[in-house]
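Structural characterization, general
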Amino acid sequence: MPELPEVQTVVNGLKEDLVGDRITCITPIWEKVLSNFIPSDLFIKGRTTLIQDVTRRAKFIIIHFPSSILAIHLRMTGKLFFPVANHIPKHTTAVIKLDSRKKLIFHDTRKFGRIYLYNDLTPINERHGPEPLGKNFSVGWLHRALQQRKRNIKALLLDQSFLAGLGNIYVDESLWAAGIHPGSISNALPAARISRLHEAVQAILKAAITAKGTTIIDFSYLNGQNGRYTSQLRIFGRKGQPCITCGRDIEKIKVAGRGTYVCSRCQKKYTRGQSAPHQDRG
DNA sequence: CCATGAACCTGGTCGC
DNA sequence: TGCGACCAGGTTCATG
């Protein structure tokens, strides 16, 4: 699944091509792809589908019309691109036709991706936490929010209603950079680690956006090009390889139901509060 | 409130 | 070469 940097990359690429154009028709190839509307809903009550902007909120691609929005979620394997030579590939789940006669392809091997039609961003904002690169994501907020819960830190960082945009890759990278074991409990983290985590999340996401995201296995964005952040991954996908910092073999374990990469020497497991006199290692 | 596992889908990889 | 088991970047829902 594309995470925040991958979705941002798609948005950046689509924006110049879409703004000022107009959607004339959406054809679902896989019937479930349109989650909460049918194609004709786009045009009810004099709505126009002039594209005023293309932005990102959480992991959604948002196409803005004068009085409504389309929100596209790529989930695990979704891709949005202009086809080469007008060819509609296998696993296309929707075709979006534009006034310019271009066609935008929603391609999704696993068919988890969905397109939503809303009046505005309210339904999405209600279900999502702050943007990690926005000003509401401060160290103070993170500290308070972590203290208020007693929850596995990895599960919490993956929870979009807590913080929007992180996924499995960038959570593992961020926790490694902060020296926090993914099995830690949120309210047991010392302030110094929380500061490092805050710093790590922002630095990693910014670097990943600059690199146009990460590619593992099958993610690609516009026209099949891949992101370059793969070469900057420090922990994710490196099972059995030595930790860049300390040399210990990187382990792959299961946390919050997800495959998780960890260096058990660099990443400390906090489970019972900072002042616990002693704790066993993981 | 929190954790876990299943469900939604297809395809790739690995071991035998 | 074939086949079954398991895994995958996400999210939601039921259950304990």
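1. A closer look at the nonpolar core
Within the largest apolar cluster, 39 residues are counted, with the highest numbers of intra-cluster contacts made by L146, I153, L157, F162, L166, Y170 and L197. Elements with a contribution of two residues or more to this core: helix 3 (139–147), helix 4 (153–158), helix 5 (168–178) and helix 6 (191–210). For this core, the leading source of residues is helix 6, giving seven residues. Dropping the residues within four chain positions of it, I153 is found in contact with L146, L175, I180, H181, P182, S184, S186, L189 and L197. By size, the runner-up hydrophobic cluster in this structure holds 28 residues, among which are I61, I72, I96 and L98.

2. Looking at the sheet that holds strand 2 (residues 53–57)
Strand order in the open sheet made by the four strands is 2-3-4-8, with antiparallel pairing throughout. Each having just a single partner strand, strand 2 and strand 8 (114–118) make up the two edges of the open sheet. The average undirected angle you get between the axes of adjacent strands in this sheet is 25 degrees. Inspection of the sheet shows strand 4 (residues 69–73) paired to strand 8 by five bridges, in the antiparallel sense. Looking at the pairing, I72 lines up with I115 of strand 8. Against the sheet, helix 1 (residues 4–18) touches strand 2 and strand 3 (60–64), its axis set at about 175 degrees to strand 2.

3. Details of the sheet that holds strand 7 (residues 103–108)
Across a sheet, strands are paired by hydrogen bonds formed along the backbone, either parallel or antiparallel in direction. Sheet architecture is open: four strands sit in the order 1-6-7-5, paired in antiparallel fashion. Single-partner strands in this sheet number two, and they are strand 1 (23–28) and strand 5 (78–81). Averaged over all adjacent pairs, the angle separating strand axes in this sheet is 15 degrees, with direction ignored.

4. Let's talk about the environment of D17
With respect to the helices and strands, the residue D17 is situated in helix 1. A C-alpha to C-alpha distance of 19 Å links D17 and I209, two positions 192 residues apart in sequence. Setting aside chain neighbours within four positions, we find D17 in contact with F82 and K102.

Rules behind the numbers
- Along each chain, residue indices are assigned from 1 in the same order as the chain's sequence is written.
- Think of it this way: whatever chain is written first is A, whatever ligand is written first is 1, and the rest follow in order.
- At least 70 in pLDDT is required for a residue's local features to be given in this predicted model, at least 80 for side-chain atom pairs to be given and counted, and no such filter applies to totals for whole chains, interfaces and linings, which use all residues.
- Working from all heavy atoms in the structure, the side-chain values ignore hydrogens and water.
- Grouping buried Ala, Val, Leu, Ile, Met, Phe, Trp, Tyr and Cys residues that are joined through side-chain atoms within 4.5 Å yields what is termed a nonpolar core.
- Summary of the burial criterion: residues with accessible area below 20% of their type's maximum are buried, those above 50% are exposed, and those between are partly exposed, where the area comes from a 1.4 Å probe applied to protein chains only.
- By the criteria applied, helices consist of DSSP H or I runs no shorter than four residues and strands consist of E runs no shorter than two, each listed in order from the N terminus.
- The criterion used for residue contact is that any of the two residues' heavy atoms lie within 4.5 Å.
- Pairing between strands requires that DSSP locate at least two bridges from one strand to the other.
- Every axis corresponds to a line fitted to the C-alpha atoms, with the helix fit spanning only the stretch in contact, and the corresponding angles, defined between N-to-C directions, vary from 0 to 180 degrees.

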